[in-house]
Amino acid sequence: MNNTINKSNQTPLPGEGYELVYQKPTLMNDVPMHYCPGCSHGVVHKLVAEVIEEMGMADKTIGVSPVGCAVFAYKYIDIDWQEAAHGRAPAVATAIKRLWPDRLVFTYQGDGDMACIGTAEAIHALNRGEHIAMIFINNAIYGMTGGQMAPTTLLGQKTATCPYGRRADLHGYPLNITDLASRLEGTCYVTRQSVESVPSIRKAKAAIRKAFENSMSGKGSSLVEIVSTCNSGWKLSPAKANEWMKEHMFEKYVKGDLKDTTV
């Protein structure tokens, strides 16, 4: 869909008086999304598609999507995709990038996938400095399977499996895997962003672009965390979920670059 603005008070002739200000990324397929209204995944998908298109890498990009809310990412972005078992995306991406070093290879993972069942694959791929980019969607809950507590669930946060709130003595502390990644020698770029506002979306897009460029330049592993909402799992409206995220999530998961060895 093309949104246009009229620069004149008069009705223009066909093809005159209009300036294109936005259009749907050409790599986004025209299919209905399965994500809940207000979910951050759709925005991040759009940014990924835009960056790949702007880099001219549409025919040389391979995305790896494991199990989770984004399991159907291949339906929405028109690039080559490889499905991975739950948590195994970094291992699959490692093999692809080593076999085809001229390809742009990235993983797209949720917090349950990267910070729980796939912790070993994520940490070791990052530590090895594999030339891949990892996009990490952190909404502090298992969104797809019913809203259970995730490793990233905040202390005091209520979920289906900790209905009275997460307790450190019972459930342990939230796992901040992005902070861990910043301390690994194989990582060249580690950042944490969000997509709840236009300025945040612009910063997130720049971060994804930088991570993808690092992958192609062979500088090491890049991790882009997107602090996100899950309004259905949190049982909040999209607007209230954004407010809750800004009030609680940003305090624990502080936004900004944690590591950048490329500057």
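To be clear, the structure that these remarks concern was listed above.
A quick note: this is a predicted structure, and the numbers were derived from the prediction, not measured.

Relative to the elements of secondary structure, Gly 156 occurs in the loop between strand E6 (133–138) and helix H5 (168–171). Overall, Gly 156 belongs to the partly exposed group, its relative accessible area being 47%. Along the backbone, Gly 156 and Arg 166 are 10 residues apart, and their C-alpha atoms lie at a distance of 4.7 Å. Each residue touching Gly 156, except ones within four places of it in the same chain, is listed here: Gly 165 and Arg 166.

So, on to the pattern of salt bridges. Going through the model one piece at a time under the given rule, you end up with 17 salt bridges. The residue Arg 209 makes a salt bridge to Glu 54 at a minimum N-O spacing of 3.8 Å. Here Arg 209 is found in helix H7 (residues 198–217), whereas its partner Glu 54 is found in helix H1 (residues 41–55), with 155 residues between them in sequence. The class for Arg 209 is partly exposed, based on a relative accessible area of 29%. One salt bridge in this structure joins Arg 98 and Glu 130, with 2.5 Å as the shortest N-O distance. You can see Arg 98 sitting in helix H2 (residues 89–99) and its partner Glu 130 sitting in the loop between helix H4 (119–128) and E6, a full 32 residues away along the chain. Exposure remark for Arg 98: the relative accessible area of 57% places this residue in the exposed category. Here the salt bridges do not stand alone but share partners, grouping Lys 46, Glu 50, Glu 54, Lys 205, Arg 209 and Glu 213 into one network.

Let us now look at the sheet that holds strand E5 (residues 104–110). Ordered in space as E4-E3-E5-E6-E8-E7-E9, the 7 strands form an open sheet in which the pairing is mixed. Only two strands of the sheet have a single partner each, and these edge strands are strand E4 (80–83) and strand E9 (256–260). In this sheet, adjacent strand axes meet at a mean angle of 15° when their direction is disregarded. One ladder, built from 4 bridges, connects strand E7 (residues 187–194) with E9; its direction is antiparallel. The partner of Thr 191 across the bridge, within E9, is Asp 257. Across the sheet, H1 touches strand E3 (61–65), E5, E6 and strand E8 (221–227), and the angle it forms with E5 is around 175°. Sheet contacts for H2: E3, E4, E5 and E6; angle to E5, the most-contacted strand, approximately 175°.

Counting residues in each nonpolar core, the largest one holds 34 residues, and the members touching the most others are Phe 106 and Phe 212. Counting residues per element, the ones that place at least two in this core are H1, E5, E6, E7, H7 and E8. With 7 residues, the top contributor of residues to this core is H1. If we skip the residues at most four places from it in the chain, Phe 212 touches Val 48, Val 51, Ile 52, Met 55, Leu 104, Phe 106, Ala 133 and Ile 135. Counting 21 residues, the second-largest nonpolar core is a separate cluster that includes Ala 84, Leu 126, Ile 132 and Val 190.

Parameters at a glance
- Residues numbered from 1 in each chain as written.
- Predicted model: local features only at pLDDT ≥ 70, side-chain atom pairs only at ≥ 80, totals over all residues.
- Heavy atoms only, no water.
- Helix = DSSP H or I, 4+ residues; strand = E, 2+ residues; numbered from the N terminus.
- Buried < 20%, exposed > 50% of the residue type's maximum accessible area, 1.4 Å probe, protein only.
- Contact = heavy atoms within 4.5 Å.
- Salt bridge = Lys/Arg side-chain N within 4 Å of Asp/Glu carboxyl O.
- Pairing = 2+ DSSP bridges.
- Axes fitted to C-alpha atoms, helices over the stretch in contact; angles between N-to-C directions.
- Core = buried A, V, L, I, M, F, W, Y, C linked by side-chain atoms within 4.5 Å.

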